[in-house]
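# Examining the three-dimensional arrangement
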Amino acid sequence: MSEENKEYLAESEDIILSDIAGVLEAMDMEEYETFSVKRKGKKLFSFRVRGLTSEEREDCRDKATTIVKNNKFGGVMVPTDFNTTQFNSLLIITATHPEDRKTLWENKELMKKANVLAPWQLVDKVLLSGEKDRVIELIEHLSGVDEDMDETIKNS
């Protein structure tokens, strides 16, 4: 290593260590925000949601995609149908705080009363279309999807 590189590293050590500490802190942060369901000015219930990782979103996408064996392509499995409604509901379930998920979406009594077989179907029975859109917007916000890249770069 050249003398110039050693000098640069010595001068930059505090900044590098600070950045590494920031990365570690970001990895451990799990921020939840409360989403309230209100109709006709009356709050009916609320639940907490967080941002999702790319892997969690991909898992939801896989669960909402029907894959079948295609004999035209030598029996290769190919996606044939993507259920957007199921995908959005799965995003909501996955992002919901575990305690809230258990009492709301995975509640067997509520599922029976709503006459549904799966938690994602209960989300569709309980939330109106616009409510689903708003909670997904909140999840995307918490996932960093709506971050303004120019602002991020400018502030770094």
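Note that the structure is a prediction, hence the values are computed from the model and not measured.

Conventions and cut-offs
Residues numbered from 1 in each chain as written. Predicted model: local features only at pLDDT ≥ 70, side-chain atom pairs only at ≥ 80, totals over all residues. Heavy atoms only, no water. Axes fitted to C-alpha atoms, helices over the stretch in contact; angles between N-to-C directions. Helix = DSSP H or I, 4+ residues; strand = E, 2+ residues; numbered from the N terminus. Parallel < 35°, antiparallel > 145°, perpendicular 65-115°, else oblique. Left-handed = near helix turned anticlockwise from the far one by under 90°. Contact = heavy atoms within 4.5 Å. Nonpolar A, V, L, I, M, F, W, Y, C, P; charged D, E, K, R; others polar. Patch = residues over 30% accessible without salt bridge, like charges linked within 9 Å, V, L, I, M, F, W, Y side chains within 5 Å. Areas by Shrake-Rupley, 256 points an atom, 1.4 Å probe, with all protein chains shown as cover. Salt bridge = Lys/Arg side-chain N within 4 Å of Asp/Glu carboxyl O. Lys, Arg positive; Asp, Glu negative; His and termini not counted. Charge placed at Lys NZ, Arg CZ, Asp CG, Glu CD. Buried < 20%, exposed > 50% of the residue type's maximum accessible area, 1.4 Å probe, protein only.

### A short note on the packing of helix α3 (residues 84–95) against helix α7 (residues 129–142)
α7 packs onto α3 with a crossing angle of 55° between their chain directions and a minimal axis gap of 10 Å. Here α3 is positioned oblique relative to α7, judged by the angle of their axes. In the crossing of α3 with α7, the sense of the turn from one axis to the other is left-handed. Residue-level contacts link Thr 85, Asn 88, Ser 89, Leu 91, Ile 92 and Ala 95 of α3 to Lys 132, Val 135, Ile 136 and Ile 139 of α7. Tallied by class, the residues present in the contact of α3 with α7 amount to six nonpolar, three polar and one charged.

### Describing a negative patch on the surface
There is a patch of like negative charges on the surface, built from Glu 3, Glu 4, Glu 7 and Glu 11. Accessibility expressed as a relative area gives 65% for Glu 4, which makes it exposed.

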